[in-house]
Amino acid sequence: MQLRISPSMRSITISNGVVDSMKLRVSPPPHHPPPHHHHQPSAFCCSYRSLLYFVLFCACLLPFVFIRTAIVTLEGLECSSLDCLRRHIGPTIFGRGNNNSKKLVKELYEVLNQVDSTEVPIPSNLPDSFHEFLSEMKKNKYDARTFAIRLKATMENMNKELKRSKLSEQLYKHYAASSVPKGIHCLSLRLTDEYSSNANARKQLPPPELLPLLLSNSHRHVILPTDNILAAAVVVRSAISFCSEPKKLVFHIITDKKTYPGMHSWFALNPVSPAVLEVKSVNQFGWLTRENVPILEAIESDRGVRSHYHGDRSVGIEASGNVRAFASKLQARSPMYISLLNHLRIFLPELFPNLNKVLFLDDDVVIQKDLSPLFNLDLQGKVMGAVETCKGKDKWVMSKTFKTYFNFSHPLIAENLDPDECPWAYGMNVFDLAAWRRTSIRETFHYWVKENLKSGLTLWKFGTLPPALIAFRGHVHPIDPSWHMLGLGYQESTDLDEASKAAVLHYNGQCKPWLDIGFTELKPFWTKHVNYSNEFIKNCHILEPL
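Remember, predicted model here, so these are calculated numbers, not experimental data. (Residues numbered from 1 in each chain as written. Predicted model: local features only at pLDDT ≥ 70, side-chain atom pairs only at ≥ 80, totals over all residues. Heavy atoms only, no water.)

A few words now on the pattern of salt bridges. Applying the stated rule across the entire model yields 13 salt bridges. For aspartate 364, the salt bridge identified is with lysine 512, shortest N-O distance 2.5 Å. Here lysine 512 lies in the loop between β13 (504–506) and α21 (524–527) and aspartate 364 lies in the loop between β8 (357–361) and β9 (365–367), a separation of 148 residues in the sequence. Of the two residues, aspartate 364 and lysine 512, both sit in the buried class. Close ionic contact of aspartate 497 with lysine 501 constitutes a salt bridge, the shortest N to O distance being 3.2 Å. Here aspartate 497 and its partner lysine 501 are both found in helix α20 (residues 496–501), four residues apart, which amounts to about one turn of the helix. Through salt bridges with shared partners, a single ionic network connects Glu350, Arg442 and Glu443. (Salt bridge = Lys/Arg side-chain N within 4 Å of Asp/Glu carboxyl O. Helix = DSSP H or I, 4+ residues; strand = E, 2+ residues; numbered from the N terminus. Buried < 20%, exposed > 50% of the residue type's maximum accessible area, 1.4 Å probe, protein only.)

Moving on, we come to the side chain of lysine 512. Given the relative accessible area of 14%, lysine 512 is considered buried. In this structure the side chain of lysine 512 is engaged in a polar contact, spanning 3.2 Å, whose partner is the backbone oxygen of glycine 509. Among all residues touching lysine 512, those that are not within four sequence positions of it are Asp364, Tyr507 and Gly518. (Polar contact = N/O pair within 3.5 Å; in protein donor to acceptor, adjacent residues only side chain to side chain. Contact = heavy atoms within 4.5 Å.)

As a further point, take the packing of aromatic side chains. By the definition in use, this model includes 13 aromatic pairs. Aromatic side chains tyrosine 195 and tyrosine 260 sit 6.3 Å apart centroid to centroid with 75° between the ring planes, which places their arrangement in the edge-to-face category. One end of the pair, tyrosine 195, is in helix α6 (residues 182–197); the other, tyrosine 260, is in helix α8 (residues 260–269), with 65 residues separating them in the sequence. Accessibility expressed as a relative area gives 22% for tyrosine 195, which makes it partly exposed. Summarising the aromatic geometry, the rings of tryptophan 424 and tyrosine 426 are spaced 5.2 Å apart at their centres and angled 75° between planes, so their arrangement reads as edge-to-face. Of the two residues examined, tryptophan 424 and tyrosine 426, each falls in the buried class. Linked through ring pairs, Phe360, Trp424, Tyr426, Phe431, Trp436 and Phe472 together constitute an aromatic cluster. In this arrangement the basic side chain of arginine 345 is found over the ring face of tyrosine 426, its NZ or CZ atom lying 4.0 Å from the centre. (Phe/Tyr/Trp six-rings, centres within 6.5 Å; stacked < 30°, edge-to-face > 60°. Lys NZ or Arg CZ within 6 Å of the ring centre and 35° of its normal.)

Geometrically, a packed helix pair is captured by the angle between its two axes and the distance between the axes. Viewed as axis vectors pointing N to C, helix α4 (residues 130–140) and helix α5 (residues 144–178) meet at an angle of 160°, and their least axial separation amounts to 12 Å. The angle between α4 and α5 places the two elements in the roughly antiparallel class. Classified by chirality, the crossing of α5 by α4 is right-handed. Seen from α4, the contacting residues are Phe133, Glu136 and Met137; seen from α5, they are Phe147, Arg150, Leu151 and Thr154. Tallied by class, the residues present in the contact of α4 with α5 amount to four nonpolar, one polar and two charged. (Axes fitted to C-alpha atoms, helices over the stretch in contact; angles between N-to-C directions. Parallel < 35°, antiparallel > 145°, perpendicular 65-115°, else oblique. Left-handed = near helix turned anticlockwise from the far one by under 90°. Nonpolar A, V, L, I, M, F, W, Y, C, P; charged D, E, K, R; others polar.)

With respect to the helices and strands, the residue glutamate 544 is situated in the segment after α22 (535–539). Residue classification places glutamate 544 among the exposed positions, given a relative accessible area of 55%. For glutamate 544 and asparagine 531, which are 13 residues apart along the polypeptide, the C-alpha to C-alpha distance reads 9.1 Å.

Let us now look at the nonpolar core. Taken as a class, soluble globular proteins show a tendency for nonpolar side chains to be buried jointly. Of all hydrophobic cores here, the largest spans 69 residues; its most connected members are Leu187, Phe251, Phe267, Leu277, Leu359, Leu361 and Leu505. Looking at this core element by element, the count peaks at ten residues for helix α7 (residues 229–242). Residues contacting leucine 505, with those up to four places away along its chain left out, are Asp364, Val365, Val366, Gln368, Met485, Leu488, Ala499 and Phe525. The next biggest cluster of nonpolar side chains, apart from the first, holds 44 residues, and it includes Val383, Trp424, Trp436 and Leu465. (Core = buried A, V, L, I, M, F, W, Y, C linked by side-chain atoms within 4.5 Å.)

Below, the structure is given as structure tokens:
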């Protein structure tokens, strides 16, 4: 669209770029006779005022015409005449849309809504890609209903396959998490061999002159049960590196019989001075016998328990299943939950009868701050200090209730527990053993474990935390969540800034930092405390991440 004004300001020509569509001639003042142009019959005269109104109208109209013309062009329509533009521009300018197009869209929506509420069988010959789907639609010339049915079947089938893949991924992660990496297995074997051949690897821990410190309540005692030598080394090294007074730290590492020689060798050859450290095997605790703890024998010998924890993990993989629920079930069925090391914490008052206050750590944590203030924490008469897991921004890790752990369809649970009660976390806990000895926590714990065995393991879904949640009810003092950040073994979306500020990072979950399936961006918090220059670590090809 073009607007040309003559130099003399006597005429205005409007054209579409090819032919003149309209020419306006302005009339001269009254004392001049109007000229005659017989060769332009389409011209007509108008006054200056009329011209002004017309120009104002065009000034308002032309921007809309230009925008609509541009849209028509972008839509791929070729218009070479004003009549074409009128057909496409006119309805928009004057509020008249394409009724046929709107009707078609409305009918398509109606068909889709009808099919959405209809059960559609999934045939075996569905297309594998959008290109195949489009080719099939063109070839068979589907009507709207057939198209909608075919589309729904294709999408439901793809969603089913996607869920199945995610469930399989969780199963493979479970297998990877349950296995021992070759490097860590090698480390244990080499250190065990060193224990038998090297007298320095067998030297007493701690030295005889420091033995009284193992019972001193003026020192800060850290208890660490583990059968993972590398993980234990990281926990101890990170705790000492941030401690303001390492000479007051006393570590009690408890391991199983087969790991004991290797664990002892590591800390005998890599002393932690000025801190104090002892390594003990569970069989070295005289009190920890089957006569004193009959529930342990029941757990290990019960056929249902062994089937639950050692049975076929792939049972229950259904495409309609919830991925997170399935991952939780797999985690709960880990054999570690029936190991003696995992039950040790409930016997702490008996295992350490001379100590009054201890800090209990899992082996999948790393320390980033001085933990000394935790030993001075006022528990206000409670037995344990722990971080609650019902208050937090994280919807997966820190928004749990008792309903997350217990089966409230069982009458015994429904009658005794509140589904909305706030749970707490294991992994980093302060225990007042003196206050604990005045309670019946251990008896309550054993009672509920027995009830779960009687019910066929139907009272709760997860390992050893649920009976502890019941046993410690009314005995827990909440501590600030910044002391204990959870979930680094569950999810990749952990806030790295928050993680860097937490006192203790807990890699609870399948993706441990020493495994290949560990999250790449979360591993450095842990790996920076591994001594990759150590000869045993190098010889076992435990390599520093690039």
